[in-house]
Amino acid sequence: MNIANWLNDAGRRWPERPALFEGQRQVADYGTFAARVRERAAYLLDEHGIAPGARVALFMRNRCEYLELLYAVWWVGAVVVPINCKLHPVEAGWIVDDAQARLIFTDGGQVFLPVALPQGCRELDGGDRTLRSSLDSTTLANPCPRHCDDLAWLFYTSGTTGRPKGVMLSHGNLTAMSLCYPLDVDPVSPDDAVVYAAPMSHGAGLYNFIHVRRGARHVVPESGGFKADELFELARGLGNVTLFAAPTMVKRMVEQARRQGYGGEGIKTIVYGGAPMYLADLQDAVETFGARLVQIYGQGESPMTISALSRELIADRNRPGWASLAASVGRAHSCVEIRILDPEHRPLPPGQPGEIAVRGATVMQGYWRNEAATRQTLVDGWLLTGDIGVLDHAGYLTLTDRSKDVIISGGSNVYPREVEEVLAQHPDVFEVCVVGEPDVQWGESVVAFVVPRDAVALDASLLNAWFIERMASFKKPKKYVFRTELPKNSYGKILKTDLRLWLEEEANVTAVP
Ligand code: AMP
């Protein structure tokens, strides 16, 4: 099934229902949305010969035209390659080359003037609706038939380590992911408004499908991205707003809401995930926004769909054992199974940490033109996530860390996440990130990068005193580095690789006599 059938259906059933919004201003109903997509599809086919299976890249900021182009590409049976608009054109060019994309749509159509695009790829202005063909778009009344295994979305991993890899997601993967959403995350109604505050090239964009299926509203903030006060204004104006936000975004929303005395009016649901949410931050968010938070855990290879933690549980702070459940990432989504594996890939019983493996209808088809990486990651039908976690007897999954982030100090495993949790609870700590540093005596030692709240003067002895009251001293950071901010990628994830690199450079400088 072609996922574009959902838009075709919505356009016919509810042509007058509001569909696309720039800020609070409606720019298309479902009839117009579908008609524009047909026109763009005709252009792709007629002017550029975009055939089923061809790749078309989108390197654009969040805007309504993004959705039109996504669906136009699928309408002709081709494959979208959404590229994070904050990447450098050189990085985007690398992705275009790897994906062998025929076209790349950008904002303005001239992003690649100073940088050579790979041969065979043309740049076009994604906002230009005058790009039309003489082909009568009604000849493309329906989307090109596609099989559920056919490729739909080539998703380049965020590349916090090494070169990004192209995750192959099929129409079937996207359908399964979308159907899980109302079952496991949040029911969707036609009155809802999904706001794209995080990049549409990533998870936020993937939430469009179920909202198209239900004929709900799609809203791109006028700023094109995330500004907490703009978001609150939109929520008040539009009502029933749902958004996906990385934990760092939720934290900024909490800070801003407290400054403004805003309590979440107009927001229906904040889906958070993509990186750890520390318990201290979650408590603040629940105090500020009440029962509006739902957590998801996923990765590009099983997009947005491995586990979910329900709104009811997150909000029920008096529930026995709340703290440990709220620190988990919830239970498996309906279309996947989760296992914890030992280093030989044997399943482990509940309570024992190991690598999280996932099997089910959302798991990718493999990595694009990278069989070696596919073989390493898809083993016996299971996706090896590279995350370390533990399942309890009730099926709740708790992440301890990425396997490569575990610190082995004096032969003991230290999971940065648990050290971060303890430090994040300190009232004067705004943000924290823990990494390992090579250590001649211990193999590795624990280093904490700390951003103090409101530029308060914090020192190592204060934090050590806090730490040893709460956690085994062998996990105590050997070093604290105080910063005014931490490096993040454009999805709001803290870049541990940058912090490790900084430590390496620092060590080299101090080693010079
Ligand atoms: P990406 O493929 O770029 O979306 O990154 C996926 C990775 O982000 C996962 O493998 C996890 O390491 C991390 N991640 C995703 N969701 C969560 C979550 N809810 N809590 C903690 N880490 C998460």
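Keep in mind the model is a prediction, meaning the values are calculated, not measured.

Caption draft 1: Representation of the domain arrangement of the chain within the structure. According to the domain assignment, the chain consists of domain 1 (5–391) and domain 2 (406–511). Of note, the centres of domain 1 and domain 2, computed from C-alpha atoms alone, are 31 Å apart. Across the contact, 22 residues belong to domain 1 and 19 residues belong to domain 2. For the pair domain 1 and domain 2, the summed buried surface comes to about 1,800 Å²; carbon and sulfur atoms form 56% of the total. Its salt-bridge partner being arginine 453, residue glutamate 255 comes within 3.2 Å of it at the nearest N-O pair. The interface formed by domain 1 and domain 2 contains 6 residue pairs in polar contact (both at pLDDT 80 or more). Among the elements that take part in the side of domain 1 that touches domain 2, helix H9 (residues 247–260) stands out by supplying 3 residues, more than any other. When its residues are assigned to classes, the side of domain 1 that touches domain 2 shows 11 nonpolar, 8 polar and 3 charged.

Caption draft 2: Expanded view of the sheet that holds strand E14 (residues 302–309). A sheet is described by the order of its strands in space; here 9 strands give the open sequence E2-E1-E10-E9-E11-E12-E13-E14-E15, paired in mixed fashion. Here the strands that pair on one side only, and so sit at the sheet edges, are strand E2 (25–29) and strand E15 (331–332). Sheet topology places strand E1 (residues 18–22) next to strand E10 (residues 217–220); 3 bridges connect them, and they run parallel. Directly across from phenylalanine 21, in E10, lies its bridge partner valine 219. The sheet strands contacting helix H5 (residues 171–185) are strand E11 (241–245), strand E12 (267–273), strand E13 (293–299) and E14, and the helix crosses E14 at an angle near 10°.

Caption draft 3: Spotlight on unusual backbone geometry. The backbone phi angle of glutamine 100 is positive, close to 50°, even though this residue is not glycine. In this model, arginine 369 sits at a positive phi of 50°, which is unusual for a non-glycine residue.

Caption draft 4: Local environment of empty space enclosed by the protein. Taken as a whole and assessed by the stated rule, the structure comprises 6 cavities of 30 Å³ or more. Taken as a whole, the largest cavity encloses approximately 80 Å³ of empty space. Around the largest cavity, the lining residues are Val250, Lys251, Val254, Glu255, Arg258, Met277, Asp281, Asp284 and Arg453. Those elements that place two or more of their residues in the lining of the largest cavity are H9 and helix H10 (279–289). For the lining of the largest cavity, the element with the highest residue contribution is H9, accounting for 5 residues. Partitioning the lining of the largest cavity into residue classes produces 3 nonpolar, no polar and 6 charged. Roughly 60 Å³ of volume is contained in the second largest cavity. Elements with a minimum of two residues in the lining of the second largest cavity: H5, helix H7 (208–213) and E14. The element that contributes the greatest number of residues to the lining of the second largest cavity is H5, accounting for 5 residues.

Caption draft 5: Expanded view of the site of the ligand. As a matter of local geometry, the ligand sits amid 17 residues, with Ile296, Gln299, Asp387, Arg402 and Lys493 nearest to it. Within the side chain of aspartate 387, one N or O atom sits 2.7 Å away from an oxygen atom of the ligand. Between the ligand and lysine 493 there is a distance of 2.8 Å, counted from an oxygen atom to a side-chain nitrogen or oxygen. Mapped onto the shell around the ligand, the elements with two or more residues apiece are E13 and strand E21 (397–402). Per-element accounting of the shell around the ligand gives the leading share, 5 residues, to E13. For the shell around the ligand, the residue count by class is 6 nonpolar, 8 polar and 3 charged.

Caption draft 6: Region of the structure containing the environment of aspartate 149. Its place among the elements puts aspartate 149 in the loop between strand E6 (122–125) and strand E7 (151–156). Taking the relative accessible area as the measure of exposure, aspartate 149 reaches 49% and is therefore partly exposed. Spatially, the C-alpha atoms of aspartate 149 and aspartate 405 are 34 Å apart, while their sequence positions differ by 256 residues. In this structure aspartate 149 touches Ser170 and Gln365, once residues within four positions along its chain are discounted.

Caption draft 7: Layout of the layout of surface pockets. Of the pockets and cavities examined, the second largest pocket occupies roughly 640 Å³. Forming the walls of the second largest pocket are 30 residues, and the residues nearest its centre are Phe226, Thr248, Arg252, Lys488 and Gly492. Contributions of two or more residues to the lining of the second largest pocket are made by H9, strand E24 (429–439) and strand E25 (443–452). A total of 4 residues in the lining of the second largest pocket trace back to one element, the largest contributor, which is H9. Residues belonging to the lining of the second largest pocket are distributed by class as follows: 12 nonpolar, 10 polar and 8 charged. Looking at the lining of the second largest pocket, you find at least three residues from each of domain 1 (5–391) and domain 2 (406–511).

Caption draft 8: Examining helix H8 (residues 228–238) more closely. All buried positions along H8 are accounted for by Ala228, Glu230, Leu231, Phe232, Leu234, Ala235 and Leu238. Two residues or fewer past H8, glycine 239 is found with a positive phi of approximately 75°.

Caption draft 9: Focus on the pairing of strand E4 (residues 79–82). The alternating pattern of E4 places Val79 and Val81 on one face and Val80 and Pro82 on the opposite face, and all of these are buried. As defined by bridge partners, strand E3 (residues 55–59) adjoins E4 across 4 bridges and the pair is classed as parallel. Pairing of valine 56 across the sheet is with valine 80, part of E4. Taking the sense of rotation as the criterion, the β-α-β connection linking E3, helix H3 (residues 64–75) and E4 turns out right-handed.

Each value, and the rule that gives it
Residues numbered from 1 in each chain as written. Predicted model: local features only at pLDDT ≥ 70, side-chain atom pairs only at ≥ 80, totals over all residues. Heavy atoms only, no water. Domains from an automatic or database assignment. Contact = heavy atoms within 4.5 Å. Buried area = accessible area lost by both parts, 1.4 Å probe. Salt bridge = Lys/Arg side-chain N within 4 Å of Asp/Glu carboxyl O. Polar contact = N/O pair within 3.5 Å; in protein donor to acceptor, adjacent residues only side chain to side chain. Helix = DSSP H or I, 4+ residues; strand = E, 2+ residues; numbered from the N terminus. Nonpolar A, V, L, I, M, F, W, Y, C, P; charged D, E, K, R; others polar. Pairing = 2+ DSSP bridges. Axes fitted to C-alpha atoms, helices over the stretch in contact; angles between N-to-C directions. 1 Å grid on protein atoms, 1.4 Å probe; cavity = no way out; pocket = protein on both sides within 12 Å on 5 of 7 lines; lining within 4 Å. Points joined across faces, edges and corners; volume = space filled by probe spheres on them. Near = heavy atom within 4 Å. Buried < 20%, exposed > 50% of the residue type's maximum accessible area, 1.4 Å probe, protein only. Right-handed = clockwise from strand over helix to strand, strands pointing away.

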